[in-house]
Amino acid sequence: MKAKKIPLRMCTGCGEMFDKRQLVRVVKSPQGDVSLDLTGKKSGRGAYVCKNEDCLKKARKKKAFERAFSMQISDEVYNAMEEEMKNA
């Protein structure tokens, strides 16, 4: 019997690979809205980041989400995601 394969994803902030459940998904909805997906069930294109603000800040500085989603992301969206990350 084969062991079940654990889905790994790369953090867009630090670039390390983690189990998908250890990361927070950032999703671009079909309407083009970018937000944190704490449930992992929202529809749209996803990118992953560690559950700490430092990695979110690194990803913001590197414009990693802009590249992942091929779009500009406003400071308000980043600030809202940082606030949501603090409260989660």
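Just so it is clear, the structure is predicted and the values come from calculations on it, not from any experiment.

1. So, unusual backbone geometry
Okay, step 1: Of note, the phi angle at K63 is positive, near 55°, even though the residue is not glycine.
Okay, step 2: Structurally, K63 can be placed in the loop between α1 (53–62) and α2 (64–69).
Okay, step 3: Using a relative accessible area of 46% as the deciding quantity, one classes K63 as partly exposed.
Okay, step 4: Unusually for a residue other than glycine, S70 sits at a positive phi of about 50°.
Okay, step 5: We classify S70 as exposed; its relative accessible area is 67%.

2. Remarks on the packing of α1 against helix α3 (residues 75–87)
Okay, step 1: Between α1 and α3, whose axes approach to 10 Å, the crossing angle comes to 165°. When the axes of α1 and α3 are compared, the pair comes out roughly antiparallel. Crossing of α1 over α3 shows right-handed handedness. Between α1 and α3, the residues in contact are E53, L56, K57 and R60 and D75, Y78, N79, M81, E82, M85 and K86, respectively.
Okay, step 2: Residues belonging to the contact of α1 with α3 are distributed by class as follows: 4 nonpolar, 1 polar and 6 charged.

Cut-offs and rules
- Residues numbered from 1 in each chain as written.
- Predicted model: local features only at pLDDT ≥ 70, side-chain atom pairs only at ≥ 80, totals over all residues.
- Heavy atoms only, no water.
- Helix = DSSP H or I, 4+ residues; strand = E, 2+ residues; numbered from the N terminus.
- Buried < 20%, exposed > 50% of the residue type's maximum accessible area, 1.4 Å probe, protein only.
- Axes fitted to C-alpha atoms, helices over the stretch in contact; angles between N-to-C directions.
- Parallel < 35°, antiparallel > 145°, perpendicular 65-115°, else oblique.
- Left-handed = near helix turned anticlockwise from the far one by under 90°.
- Contact = heavy atoms within 4.5 Å.
- Nonpolar A, V, L, I, M, F, W, Y, C, P; charged D, E, K, R; others polar.

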